[in-house]
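One letter stands for each residue in the lines below.
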Amino acid sequence: SIADLQKTLATPTDASVDQILAAASAKIIRQQSEIDELRKRQQWRRLSESAQAELLSELRRLGAHSFVISYVPGDAEAENFGRLLYDIFRSAGWVPARQMLPYGIDLTGKPSPMGIQMYCQCSSMVDIPPVVGVLIGALKSAEIAVWRHVGADNNLPESQSITVLVGHKPQDIGGDDYIH
């Protein structure tokens, strides 16, 4: 009968069921990968205990310096990571030049800072204190992405102060702009 023929044609074969299952499985794997990537992007920056210990040791080796930790206003993740760095610097004997604050420059119309940026009081880039280079190396070895360019900040309270600006968490750290 025509009804039996239609029913037979509408009934999937084992091969077509296998194809449907394989396609569905591949789609699930792709979606899980996308979910994992989104979760990774949403995670806050943190340092493992060993990375914290390594950074603490390196900061102690450099001796006490004056520092400022600032963060991008309105970014809870940057503030939280800045607080972690602030505590590590203090534990290493470094002296805060002032309390941790949101970064005090007007960012209106400018791209928001990404990653970690360093500033020091210097008249030119050749006057950068050697401790800045060592500090960048310590942050790099602790797997913290640092903006390659050090800026001059002549509003710092004293000549040996170093400002560490914690910018937004970089989503893609590529190219030559970061030391990693």
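Residues numbered from 1 in each chain as written. Predicted model: local features only at pLDDT ≥ 70, side-chain atom pairs only at ≥ 80, totals over all residues. Heavy atoms only, no water.

(A) Broad picture of the overall build of the chain. Helix and strand counts for the chain stand at five helices and eight strands. Relative to its full complement of 180 residues, the chain shows a buried share of 35%. Just so you have it, the chain exposes about 11,000 Å², and 54% of that area is on carbon and sulfur atoms. (Helix = DSSP H or I, 4+ residues; strand = E, 2+ residues; numbered from the N terminus. Buried < 20%, exposed > 50% of the residue type's maximum accessible area, 1.4 Å probe, protein only. Areas by Shrake-Rupley, 256 points an atom, 1.4 Å probe, with all protein chains shown as cover.)

(B) Structural view of helix 5 (residues 130-141). Compared with the 16 Å implied by 1.5 Å per residue over twelve residues, the 17 Å span of helix 5 between its first and last C-alpha is a close match. Taken residue by residue, helix 5 has Val131, Val132, Leu135, Ile136, Ala138 and Leu139 as its buried positions. The buried residues of helix 5 occupy an angular sector of 160 degrees when projected down its axis, which confines them to one face. Glu143 sits one or two residues past helix 5 and shows a positive phi near 65 degrees. (Expected span 1.5 Å × (residues − 1). Arc of directions from axis to C-beta.)

(C) Main features of the packing of helix 3 (residues 49-62) against helix 5. Two elements in contact, helix 3 and helix 5, have axes whose closest approach is 9 Å; the angle formed by their N-to-C orientations is 165 degrees. The angle between helix 3 and helix 5 places the two elements in the roughly antiparallel class. Crossing geometry of helix 3 relative to helix 5 is assigned as right-handed. Residue-level contacts link Glu54, Leu55, Glu58, Leu59, Arg61 and Leu62 of helix 3 to Val131, Val134, Leu135, Ala138, Leu139 and Ser141 of helix 5. Of the residues in the contact of helix 3 with helix 5, the class split is eight nonpolar, one polar and three charged. (Axes fitted to C-alpha atoms, helices over the stretch in contact; angles between N-to-C directions. Parallel < 35°, antiparallel > 145°, perpendicular 65-115°, else oblique. Left-handed = near helix turned anticlockwise from the far one by under 90°. Contact = heavy atoms within 4.5 Å. Nonpolar A, V, L, I, M, F, W, Y, C, P; charged D, E, K, R; others polar.)

(D) Region of interest: the pattern of salt bridges. Applying the stated rule across the entire model yields three salt bridges. Between Arg45 and Glu77 there is a salt bridge, and its shortest N-O distance comes to 2.8 Å. Residue Arg45 is found in the loop between helix 2 (14-42) and helix 3, and its partner Glu77 is found in helix 4 (residues 76-91); the two are separated by 32 residues along the sequence. The buried category is assigned to Arg45, whose relative accessible area is 16%. For Glu77, a relative accessible area of 8% corresponds to the buried category. Between Arg83 and Glu79 there is a salt bridge, with its nearest N and O atoms 2.9 Å apart. Here Glu79 and Arg83 lie together in helix 4, a separation of four residues that amounts to about one turn. Its relative accessible area of 40% is what places Arg83 among the partly exposed residues. By relative accessible area, which is 27% here, Glu79 ends up partly exposed. (Salt bridge = Lys/Arg side-chain N within 4 Å of Asp/Glu carboxyl O.)

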